[in-house]
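One-letter residues, chain by chain:
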Amino acid sequence: MESADQENYLEKLRELKTIYGEVGAADIEKIKKILPESSGEEQLLSQLERIILKNGLILTSLRVEKKEEIKGRAGVGQETVQQGEILPKEIGKLKIAMDIVGTDYAGIKHILRALENNLRIIDIVKLSFSPRENKTSLEAAAYYLK
């Protein structure tokens, strides 16, 4: 019985190797942009700044914080980042906070659309909009391979 299990496992490995060999270089580059192999903080900051400026808005502050592993109730090989959120140990998270002035409802929609269309995975965690002050505070999370 154990021999049959090992043969099935070996066959699955061969299939995976064949599938991996069929992935083109262009697809691999896209994947690296979606989930880069490092935090890429500098590149991310410049992308976010470009998105804000492109929409005619003013970025008053931009902060990025790397979330380190938090030991706790997470399972083996996982880390707890926020209450109820568990990431695999291979995935890192950047916490992004920015304040933007000159925003209106349409401006916020443009920013959110631009972030959504960005190749890198970015989750909007919190959004505060003050129409009287034309000010928006945005918290987001970006992910990377450790």
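Residues numbered from 1 in each chain as written. Predicted model: local features only at pLDDT ≥ 70, side-chain atom pairs only at ≥ 80, totals over all residues. Heavy atoms only, no water.

(A) Quick look at the overall build of the protein. Scanning the protein from terminus to terminus reveals four helices and six strands. Helices (α) and strands (β) of the protein occur, in sequence order from the N terminus, as α-α-α-β-β-β-β-α-β-β. Of all intrachain contacts in the protein linking residues separated by at least 6 positions in sequence, the fraction that spans at least 24 positions is 66%. (Helix = DSSP H or I, 4+ residues; strand = E, 2+ residues; numbered from the N terminus. Contact = heavy atoms within 4.5 Å.)

(B) Just a nonpolar patch on the surface, in detail. On the surface, a nonpolar cluster with roughly 500 Å² of combined accessible area is contributed by Tyr9, Leu10, Leu13, Leu16 and Ile19. In this fold, Leu10 is placed in helix H1 (residues 2-22). For Leu10, a relative accessible area of 39% corresponds to the partly exposed category. (Patch = residues over 30% accessible without salt bridge, like charges linked within 9 Å, V, L, I, M, F, W, Y side chains within 5 Å. Areas by Shrake-Rupley, 256 points an atom, 1.4 Å probe, with all protein chains shown as cover. Salt bridge = Lys/Arg side-chain N within 4 Å of Asp/Glu carboxyl O. Buried < 20%, exposed > 50% of the residue type's maximum accessible area, 1.4 Å probe, protein only.)

(C) Spatial organisation of the side chain of Asp99. By the element assignment, Asp99 lies in strand S4 (residues 91-101). Residue class for Asp99 comes out buried when judged on its relative accessible area of 17%. Of the polar contacts made by the side chain of Asp99, one reaches the side chain of Ser61; its length is 2.9 Å. Reaching out from Asp99, the side chain makes a polar contact with the side chain of Ser137 at a distance of 2.8 Å. Residues contacting Asp99, with those up to four places away along its chain left out, are Ile58, Leu59, Thr60, Ser61, Arg63, Thr136 and Ser137. (Polar contact = N/O pair within 3.5 Å; in protein donor to acceptor, adjacent residues only side chain to side chain.)

(D) Quick look at unusual backbone geometry. Phi is positive for Asn134, close to 50°, though the residue is something other than glycine. Tracing the backbone through its elements, the reader meets Asn134 in the loop between strand S5 (122-130) and strand S6 (135-145).

(E) Quick look at the pattern of salt bridges. Considering all chains together, one arrives at two salt bridges under this definition. For Glu11, the salt bridge goes to Arg14, with nearest N and O atoms at 4.0 Å. Separated by three residues within a single helix, Glu11 and Arg14 lie in helix H1, roughly one turn from each other. A relative accessible area of 38% places Glu11 in the partly exposed class. Across the salt bridge formed by Arg63 and Asp99, the nearest N and O atoms sit 3.9 Å from each other. Here Arg63, found in strand S1 (residues 58-67), pairs with Asp99, found in strand S4; they are 36 residues apart in sequence, far enough to count as distant.

(F) Highlighting the confidence of the model for the protein. Model confidence for the protein is summarised by a mean pLDDT of 81, while 83% of its residues fall at 70 or above. Looking over the protein, one finds the lowest element-wise mean pLDDT in strand S2 (residues 78-82), namely 45, and the highest in S5, namely 92. Counting interchain partners and residues more than four positions distant, the pLDDT-below-50 stretch residues 69-81 has 26 contacts. (pLDDT = per-residue confidence, 0-100.)

(G) Molecular detail of the nonpolar core. Counting residues in hydrophobic clusters, the biggest one holds 16 residues, and the most contacted among them are Leu44, Leu48, Ile96, Met98, Leu115 and Ile122. Among the elements of the structure, helix H3 (41-54), S4, helix H4 (105-117) and S6 are those that each provide at least two residues to this core. For Leu115, the contacting residues outside a window of four places in its chain are Leu48, Ile51, Ile122, Ile124 and Leu138. (Core = buried A, V, L, I, M, F, W, Y, C linked by side-chain atoms within 4.5 Å.)

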